[in-house]
Amino acid sequence: TSLEKTALPLFFGWFLCHPFQENLRSLAVGFLKNLDSLEAFKKNITDFTGSTERDFNLEQHFHDKNMLHCTTKFCDYGKADGAKEYAEKQAVKESCGRVSALVLDALFVTPRTLGARVSLSEEQLQLWPRDAEEDAVPRGSRAHITLSFAEGVEPVQTGLDLLELVRLQLQGQEGKVVRESGLGPLSYYGKGLWVLELREPFLAPACFSSFYG
Ligand code: ACK
């Protein structure tokens with residue numbers, strides 16, 4: 001009906017349940033502080049600044065961003081390809097309001113974005129759109145939570161930065177382990193891409209829902 005047509009949201013996704021948003025933010029701040037203090041990071045600071053700026057500060061580069069979520073389908077109020085089909089899927093309709101646990105297994109940072117990689121379960125993959133990424137990467141590779149992005153950067157960039165990491169790893173690049181932190185190995189992949197693989201994944205209960213903005 002025409003009423004339903006007007007109901008397509010900005011996007012669908014999982015929204016982190018309340019206390020876990022704060023916990024994840026703390027984890028991310030710790031990650032940035034740690035990185036900021038590393039010699040290896042300072043040596044490659046031009047990735048971020050384009051010059052040898054002395055007073056660069058990662059925490060100021062990435063200010064805090066709104067509510068934390070993992071986008072499944074970006075619908076753009078119906079303007080995005082496949083938005084209507086996605087919204088009408090049985091699994092999507094049935095899942096609205098349901099809570100499931102997101103498994104966050106890495107944090108990554110680039111000069112543009114700060115994000116968490118999400119490893120989707122088989123059940124969660126039922127809600128993952130077919131067209132989220134090209135066929136060259138495993139389904140769900142783009143799943144992430146945007147923690148922050150630099151000024152002038154669009155949030156869509158976090159998923160693109162993660163896909164870049166996935167492609168590098170598929171090509172066999174492992175990154176250079178720069179530090180074994182309590183949380184896990186921290187690696188540098190070049191071009192300002194830093195990844196902390198979490199030895200213990202961060203489990204975040206999250207509610208599947210649409211978002212209108
Ligand atoms: O951080 P995100 O996953 O990246 O969450 C936001 C959300 O939708 C609202 O903007 C994501 N987003 C924006 N544009 C696109 C797009 N073209 N494809 C996929 N996700 C998008 C953005």
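Chemist: So, the nonpolar core: which residues are in play, and what are the values?
Modeler: Counting 51 residues, the largest nonpolar core has Leu-24, Leu-35, Phe-41, Leu-102, Ile-145 and Leu-147 as its most contacted members. Per element, the largest residue contribution to this core is 7 residues, and it comes from strand E8 (residues 194-211). Once residues within four sequence positions are removed from consideration, Leu-35 is found in contact with Phe-41, Leu-58, Val-109, Leu-186 and Trp-194. With 11 residues, the next largest nonpolar core counts Ala-106, Leu-165, Val-166 and Tyr-189 among its residues.

Chemist: Kindly report on the site of the ligand, identifying the contributing residues and their values.
Modeler: Residues in contact with the ligand, as listed here, are Phe-11, His-69, Thr-71, Phe-74, Arg-142, His-144, Thr-146, Pro-155 and Val-156. Residue His-69 places a side-chain N or O atom 2.9 Å away from an oxygen atom belonging to the ligand. Between the ligand and His-144 there is a distance of 2.9 Å, counted from an oxygen atom to a side-chain nitrogen or oxygen. Its free accessible area being 450 Å², the ligand has 74% of it covered by the protein chains. For the shell around the ligand, the elements supplying multiple residues, two or more each, are strand E2 (69-74) and strand E5 (144-149).

Chemist: Explain the pattern of salt bridges to me, and be specific about the residues and the numbers.
Modeler: One pass over the structure, following the stated rule, counts 9 salt bridges. Salt-bridge contacts for Arg-167 lead to Glu-164; the nearest nitrogen and oxygen are separated by 3.5 Å. Within this pair, Arg-167 and its partner Glu-164 are both found in helix H9 (residues 157-170), separated by 3 residues, close to a single helical turn. On the basis of relative accessibility, which here comes to 31%, the residue Arg-167 falls in the partly exposed class. In this structure, Arg-199 engages Glu-180 in a salt bridge whose closest nitrogen and oxygen atoms are separated by 2.8 Å. With Arg-199 in strand E8 and Glu-180 in strand E6 (residues 176-181), the pair connects residues that are 19 residues apart, well separated along the chain. A single salt-bridge network, built from bridges that share partners, covers Asp-105, Arg-117 and Glu-197.

Thresholds, definitions, all that
Residues numbered from 1 in each chain as written. Predicted model: local features only at pLDDT ≥ 70, side-chain atom pairs only at ≥ 80, totals over all residues. Heavy atoms only, no water. Core = buried A, V, L, I, M, F, W, Y, C linked by side-chain atoms within 4.5 Å. Buried < 20%, exposed > 50% of the residue type's maximum accessible area, 1.4 Å probe, protein only. Helix = DSSP H or I, 4+ residues; strand = E, 2+ residues; numbered from the N terminus. Contact = heavy atoms within 4.5 Å. Near = heavy atom within 4 Å. Polar contact = N/O pair within 3.5 Å; in protein donor to acceptor, adjacent residues only side chain to side chain. Areas by Shrake-Rupley, 256 points an atom, 1.4 Å probe, with all protein chains shown as cover. Salt bridge = Lys/Arg side-chain N within 4 Å of Asp/Glu carboxyl O.

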